[in-house]
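Report on the structure
Residues per chain, in single letters:
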Amino acid sequence: MIDLTKKAGFNLSSRHRAERRFQWAGRSAILIALLFLVIMIGTIARDASGVFRQTQIAVQVDLDAETPSSSYGRIIKTALRDMFPDVSTRRDKKRLYSLVSPEGSFEIARMVVDNPALIGGSHRLWLTASDDLDLYLRGKVDTNLSEHQRRISDAEIRWVDNLRAAGHLRRVINWGFLTKGDSREPEIAGIFSALVGSAYSLAVCFALSFPIGIGAAIYLEEFAPTNWVSDLIEVNINNLAAVPSIVFGLLGLSIFLGYLGLPRSSPLVGGMVLALMTLPTIIIAARAALRAVPPSFKEAALALGASPVQAVFHHVFPVAMPGMLTGAIIGMAQALGETAPLLMIGMVAFIVDVPESILEPATALPVQIFLWADSPERAFTEKTAAAIVVLLIFLIAMNLIAILLRRKLETRF
Amino acid sequence: MTDPIITARGIDIFYDTTQAIKGVDLDILPNKVTALIGPSGCGKSTFLRAINRMNDLIPICHMNGELKIVGQDIYAPEVDVVALRAQVGMVFQKPNPFPKSIFENVAYGLKIHKMTTSKSELQDRVEWSLKSAGLWNEVSDRLDHAGNSLSGGQQQRLCIARAIAVKPKVILMDEPCSALDPIATAVVEELIDNLREEYTIVIVTHSMQQAARISQRTAFFHLGSLVEYGDTKTIFTMPADERTQNYITGRIG
């Protein structure tokens, strides 16, 4: 009779304990990681939620044919004074005017262009309200603080409460955040210019680093002779992958801007710098993917009389392609989140216009996040969070495309 | 006696400093199956791979001696390995179809050598190759399926079809049945016997029974040297060398 239970010895209980211990350690590690992820995403989403709606204020304006668009600001002021006739001091008037965003006059101008019928009559127009009004309306202002400690005064609070009671305030979806460029005024600042800047930079980065990286990897892995030169190159590539990105920024500053004289702050230069940074990553990943292809394919092709280039491009390359693409996406994701090298080449500038080509000054999503996080206005905190959300969505979209591409390319073997 | 198609004289092959083949002289006759046998590590695969210069792929491998195919030194500087390998096909130990369709597998050699001028000619040639490899009846209705969806034995016959599609003079086989079961082995062996009419076949095998069954000539390698070479019948019934005797009776191996 043999004993097959734990009592049989073989140090069984302690081995099982060790196994359980390890499994629990693994589970708790994953749990902690998930917890942090949830906290991070949760706080970002909570902070960002305010951005997707904005407050508008209704203003009754008279537009006659003679009014030049440059005096729409005055029209708004008149309208506000009409709503609150008792405001008399200069200081109070200034506060009253600040309820409407400085963008208000341009908004009227745009409405007139879109709908010329507005001219010659009195109209009730909805204009973007100031960020302070918006924050107060959403209860983000602590009214228990003394007046000089908050950005909205008692008088303004009274006016806003009146406006709300009279139905002159409304909350609408803030499309402007996704369709407009940056602004000094948080209520009209948008992410679109940074988004386009990032997209341009990444396109340049991909167009440069993918073909060069894949080409270099194929040559090094399949054709280059193994000697001290190739060893040296390999060591250098591995080291370059670990070089801090700001160094690449300095390189771009001195070579691309200083020596070649390419346009400052442009996505072209940004993409070139990011390409330098992602190249090592792409080369290393692509070489790993090429090494993972069973050598039997190449051997079979060569034995059939295929030339080395044919053997590699017909049989090794297609099988390695999904892996190389994964490496490229990892590199691109890194590039998307990179701020430091872009600061060096001037993509940190305050860019209001959406860039229309890769040669125009632009900024990028992470730089925009950095800029907004640095701004004193409370409302920019929310913008920062929302910009992070946009960055993450961009990243997810990129990965999704990569996964779809990979699935399409994946060959069975 | 017919003229040999392959003549090897004084072949030495080294891996770095280790000598894998020591002064081998060997004449391989056309339209015969020549079996290379010997214990593991005796250099028979290395010798086989020298015949279509697959050893060139191993950087540390180098060779002395003279290897001629139909009178032409295949290691001469003016020889193009691509042309050589188009004439000397190879079937490997493990079936290694390309990760493509059955049709593409067979058509690949024809396409890269531009051996056919029209699509229908290509199709005919693929069909002919698959028929020669005895695979046509099994795959004719699924030529667009992946080559590796076939069974092991079918895959190996697909690899043979791929090799003969370009009509080489010589087919080298490196233990083609070692990964196959006995039934698939029998099918491939029969195929090899049929192919002898058109091609010269050099086959490395670990199985002495297989060598006895399918080959007309047998070369016994031991520790990098060619010990004995002659008609298969003679080698298996009246070996001249004691080492051959010991190997075929199973005393060394």
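That block above? That's the structure.
Positions within a chain are numbered from 1, following the residues in the order the chain's sequence is written. Whichever chain is written first becomes A and whichever ligand is written first becomes 1, with later ones labelled in order. Note on the predicted model: pLDDT of at least 70 is required for a residue's local features to be given, and 80 or more for side-chain atom pairs to be given and counted; whole-chain, interface and lining totals, by contrast, use all residues.

So, on to the sheet that holds strand 10 (residues 225-231) of chain B. Residues and elements named next belong to chain B. Strands qualify as paired when DSSP identifies two bridges or more between them. Secondary structure follows DSSP: runs of H or I at least 4 residues long count as helices, runs of E at least 2 residues long count as strands, and numbering of each begins at the N terminus. With respect to topology, 6 strands assemble into an open sheet ordered 6-7-8-3-9-10, the strand pairing being mixed. Each edge of the sheet is formed by a strand with only one pairing partner; in this case those strands are strand 6 (88-91) and strand 10. Mean inter-strand twist for the sheet, computed between neighbouring axes without regard to direction, equals 15°. Sheet analysis places strand 3 (residues 33-37) next to strand 9 (residues 217-222), joined by 4 bridges and oriented parallel. Its bridge partner lying in strand 9, A35 is registered against T218. Packing of helix 6 (residues 152-165) onto the sheet brings it into contact with strand 6 and strand 7 (170-174), and relative to strand 6 it is tilted by some 175°. To get an axis, fit a line to the C-alpha atoms, keeping to the stretch in contact for a helix; angles then go from 0 to 180 degrees between the N-to-C directions. Note on contacts: residues are paired as contacts if their backbone-placed C-beta atoms lie within 7 Å.

So, on to the interface of chain B and chain A. Taken together, the contact pairs 22 residues of chain B with 17 residues of chain A. Breaking the side of chain B that touches chain A down by element, the ones donating at least two residues are helix 2 (81-87), strand 6 and helix 3 (102-112) of chain B. For this classification, the nonpolar set comprises Ala, Val, Leu, Ile, Met, Phe, Trp, Tyr, Cys and Pro, the charged set comprises Asp, Glu, Lys and Arg, and every other residue, Gly included, is treated as polar. The residue makeup of the side of chain B that touches chain A, split by class, is 13 nonpolar, 6 polar and 3 charged.

Another aspect to go through is helix 3 of chain B. Residues and elements named next belong to chain B. Residue burial here comes from a neighbour count, namely the number of other C-beta atoms, placed from the backbone, that lie within 10 Å of the residue's own C-beta, with 20 or more meaning buried, 12 or fewer meaning exposed, and in between meaning partly exposed. Among the residues of helix 3, those classed as buried are I102, N105, V106, A107, Y108, G109 and L110. Packing partners of the buried residues in helix 3 comprise helix 4 (119-132), helix 5 (136-139) and helix 6. One or two positions beyond helix 3, positive phi appears at K114, with a value near 50°.

Another aspect to go through is the pairing of strand 1 (residues 6-15) of chain B. Residue and element names in this part refer to chain B. By the bridge criterion, 7 bridges tie strand 1 to strand 2 (residues 18-28) in an arrangement that is antiparallel. Each residue of the ladder has a partner; that of I13, found in strand 2, is I21. Taking the residues between adjacent antiparallel strands as the criterion, strand 1 and strand 2 are bridged by 2 residues, where D16 takes a positive phi near 60°. Bridge count for strand 1 against strand 4 (residues 61-69) is 8 bridges, and the pairing is antiparallel. Bridge pairing links I13 to M63 in strand 4.

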